[in-house]
Amino acid sequence: MNDLRVNTLESEAIYIMREVAAQFEKPVLLFSGGKDSITLVRLAQKAFWPAKIPFPFLHVDTGHNFPETIEFRDRLAEELGIELIVRNVQDNIDAGKVIEETGKYASRNMLQTETLLDAIEEFGFDACIGGARRDEEKARAKERIFSVRSDFGEWDEKNQRPELFDLLNGKIELGQNVRVFPISNWTELDVWSYIEKEDIEIPSIYFAHKRNVFLRDGMIWSAQDDIVYREEDEEVVEMEVRFRTVGDMSCTAAVPSDAATITKVVDEIRKSTISERGARIDDKRSEAAMEKRKQQGYF
Amino acid sequence: MEVLKIATAGSVDDGKSTLIGRILYDTRSLTDDKLEAIERTSKQKGFDYLDFSLATDGLVAEREQGITIDVAHIYFSTAKKSYIIADTPGHVEYTRNMVTGASTSQAAIILVDARNGVIEQTYRHFFINNLLKVKDIIVAVNKMDLVDFAQEKFDAIKTEISELATRAGSKQNITYIPVSALNGDNVVDASSNTPWYNGQTLLAHLEGLEAQDVYEESVARLPVQTVIRPKTDEFHDFRGYAGKLYGGSLAVGDEVTVLPSKTASKVKDIYFFDKKYQEAARGTSINVTLENDINISRGDIIVKSSELPKEAKQIDTKICWMDANNLVVGKKYLIQQGANVIAAKVAGIDSVIATDFSGETPATELKLNEIGNVSLKLAKTLFYDTFEENKTTGSFILIDPQTNNTSGVGFIQ
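Residues numbered from 1 in each chain as written. Chains lettered and ligands numbered in written order. Predicted model: local features only at pLDDT ≥ 70, side-chain atom pairs only at ≥ 80, totals over all residues. Heavy atoms only, no water.

(A) Inspection of the nonpolar core at higher detail. Counting residues in each nonpolar core, the largest one holds 79 residues, and the members touching the most others are Met17(A), Leu29(A), Phe146(A), Ile286(B) and Leu290(B). Core analysis: the second largest hydrophobic core is formed by 43 residues, Ala9(B), Ile137(B), Leu334(B) and Ile399(B) among them. (Core = buried A, V, L, I, M, F, W, Y, C linked by side-chain atoms within 4.5 Å. Buried < 20%, exposed > 50% of the residue type's maximum accessible area, 1.4 Å probe, protein only.)

Shown next as structure tokens:
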């Protein structure tokens, strides 16, 4: 037996998890099988041990996710004995509720919002825990820990509920929901260092591997699964790459890397001169791309 | 790694964004793609300098108006520690957002334009950081390059703020640093333009601050967030009281009292995840079991029996009002203190306190962004410390039960 010293960010996240469980009727953890949501799962385990995590997982599947992540997602939920709810963007496309983008930069990233809002309504979720971090993007840097959304999922960015000390007010009206961000104050490096320290398993695509790719606009795109639109003159080559962020395949680029172990990944992140979202084409659409998506109900 | 949270206060005109940008730039914390985006937009707008506010003002409305509306969080780290900057607005109409940013910070940087000296906004920033008892205040006298690095300009500001601190009864550590954010003097690198200044650069000073949390000097308070009852075969009778420890420390065997029931017991085990610990330090989110089987629920507070807090059904508070609907006598609110929520009624409004230290005036209501002396009548007995003694048990938010809004923040006197 020894003395417990504080890890500020970890204790803060555990505190937030417990507030969610105590303040809401039907919380859900948004789990994609990506590194940030895997970290959330570990923090939730820590918050409630020896009890089970007291909320289900929800994944909004664009149908364009990396197969490695999906396999990992299913396995982790099963190991923990947590209910995993999957809702598919494809269903909304088939029903004609949303229209698939076309062309060179087509992505299903934007379409996730509609499916997420549908799932919130279907299950009556009043709190959705997500792995967004403030260091990712400048509109996210403005986000509260408990972010109140209207029944249309809208973020009222100019009139956010004040958050004092670590007092979290989760009181809402029927139909509203709260987006909760327990790792708001973590940086990308914090997440990776934590994964290393805790020896948390993550999907293989985060580590360097050989992959068929093609180059466009100085970015490396996966050519392995026919999901990313590729023009005929865009030549496929094999490269050693890894993914720093794992979202929809159509908007997530790979980075050249030989980091095959977690220690090497942490080291690579520490020395990196490009931000994590530099590999996300969805943020490059305009100066205010993220803010606009959030106003419409995106994470 | 240690984490130090710093609030910055000042307007765009004071060069606040430039200062933050300079810190990020000189500590090589801006990645190439973010820097390129700033270069691109600065050029497009026809500036011949890098407009760092583009990195901090994250909302369209902020960039349009050239002002900071809400708190932005900016992260950087050195070999020594991780920093979180809560970049807060300076305008009076966004005082509530400034309070939000300052409430979680251990240090504050107040920017003063060397040409203009101490202005109304400086008073407000100082007032709020004093109200929130932010431990370390750094007065960065900026734009020294525009006053030819004149020592007398710097000294005049220093004297004025020192007098203000004395008048306010401030117990904070106040440090004055002459800087030019635009050119980088005394921000990360020491300047040759200020030979009369023997102090540290801004970053060197921050590196030297102890990154201890705000509850450091208080006694142990453990507000129970949730009761953990797994009801599994292995942990059939397990009843853990989960919460974050604010102040002091808690050890196995400590004699404790549970409030409000005032039931006594002893700490049996302290868990963090699946490991047991002998003693937990402040700031840790622990799960505690007690020797006796007693009735404890969310909102109760576990304290050491030798360190009982005060109790009352009516309290005198300072309140910073954050709602467009005014605070009026007789109105009912919910107050949330830690995990404890109880009903409260405004018993009386004594006065509004001017944030420029010009004094208090009698009032019958508190308007948005005003700070006043208010007494509250409570539906149940509240166990509390003064804000001076413990920031968690000495503060609360007021929630309007009709709108669910966080309408104000209170500091118990």
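(B) Structural detail: the interface of chain B and chain A. Taken residue by residue, the interface counts 77 residues in chain B and 60 residues in chain A. With both chains or domains summed, chain B and chain A bury close to 6,000 Å², and 58% of this area falls on carbon and sulfur atoms. It is Tyr75(B), Phe273(B) and Asn404(B) that lose the most area in chain B upon contact with chain A, and together they represent 12% of the buried surface on that side. Taken together, the links from chain B to chain A amount to three salt bridges. If you look at where chain B meets chain A, you find 22 residue pairs in polar contact (both at pLDDT 80 or more). (Contact = heavy atoms within 4.5 Å. Buried area = accessible area lost by both parts, 1.4 Å probe. Salt bridge = Lys/Arg side-chain N within 4 Å of Asp/Glu carboxyl O. Polar contact = N/O pair within 3.5 Å; in protein donor to acceptor, adjacent residues only side chain to side chain.)

(C) Molecular detail of helix α2 (residues 32-44) of chain B. With 13 residues, α2(B) ought to run about 18 Å at 1.5 Å a step, and its terminal C-alpha atoms sit 18 Å apart, in line with that. All of the buried residues in α2(B) are Asp33(B), Leu35(B), Ile38(B), Thr41(B) and Ser42(B). (Helix = DSSP H or I, 4+ residues; strand = E, 2+ residues; numbered from the N terminus. Expected span 1.5 Å × (residues − 1).)

(D) Spatial organisation of a positive patch on the surface. Positive charge collects at one region of the surface, where Lys313(B), Lys332(B), Lys345(B) and Lys377(B) lie side by side. Structurally, Lys377(B) is set in strand β22 (residues 371-384). (Patch = residues over 30% accessible without salt bridge, like charges linked within 9 Å, V, L, I, M, F, W, Y side chains within 5 Å. Areas by Shrake-Rupley, 256 points an atom, 1.4 Å probe, with all protein chains shown as cover. Lys, Arg positive; Asp, Glu negative; His and termini not counted. Charge placed at Lys NZ, Arg CZ, Asp CG, Glu CD.)

(E) Geometry of the sheet that holds strand β5 (residues 136-142) of chain B. All names here are of chain B. Taking strand neighbours across the sheet as the criterion, the six strands line up as β2-β3-β1-β4-β5-β6 in an open arrangement whose pairing is mixed. With one partner strand each, in any of the chains shown, β2 (72-77) and β6 (173-178) form the two edges of the open sheet. With strand direction ignored, the average angle separating the axes of adjacent strands in the sheet is 25°. Two strands pair when backbone bridges link them, and strand β1 (residues 2-9) and strand β4 (residues 107-113) are joined in this way by four bridges, in the parallel orientation. For Ile6, the partnering residue across the bridge sits in β4 and is Ala107. Running over the sheet, helix α1 (residues 16-26) touches β1, β2, β3 (81-87) and β4 and is turned about 25° from β2. (Pairing = 2+ DSSP bridges. Axes fitted to C-alpha atoms, helices over the stretch in contact; angles between N-to-C directions.)

(F) Looking closely at the domain arrangement of chain A. Residues and elements named next belong to chain A. Along its sequence, chain A is carved into domain 1 (8-189 + 288-295) and domain 2 (204-282). For domain 1 versus domain 2, the separation of C-alpha centres amounts to 24 Å. With 27 residues of domain 1 at the interface, the matching set in domain 2 holds 27 residues. Across the domain 1 to domain 2 interface the summed buried area is about 2,300 Å²; carbon plus sulfur atoms make up 54%. On the domain 1 side of the interface with domain 2, the three residues burying the most area are Phe66, Lys104 and Glu188, jointly 31% of the side's total. Applying the counting criterion to the domain 1 and domain 2 interface returns two salt bridges. Note that Glu188 and Arg244 form a salt bridge whose closest N and O atoms lie 2.7 Å from each other. Contributing elements (two or more residues each) for the side of domain 1 that touches domain 2: α2 (35-48), α3 (67-80), α6 (188-198) and α8 (289-295). Partitioned by chemical class, the residues of the side of domain 1 that touches domain 2 number seven nonpolar, nine polar and eleven charged. (Domains from an automatic or database assignment. Nonpolar A, V, L, I, M, F, W, Y, C, P; charged D, E, K, R; others polar.)

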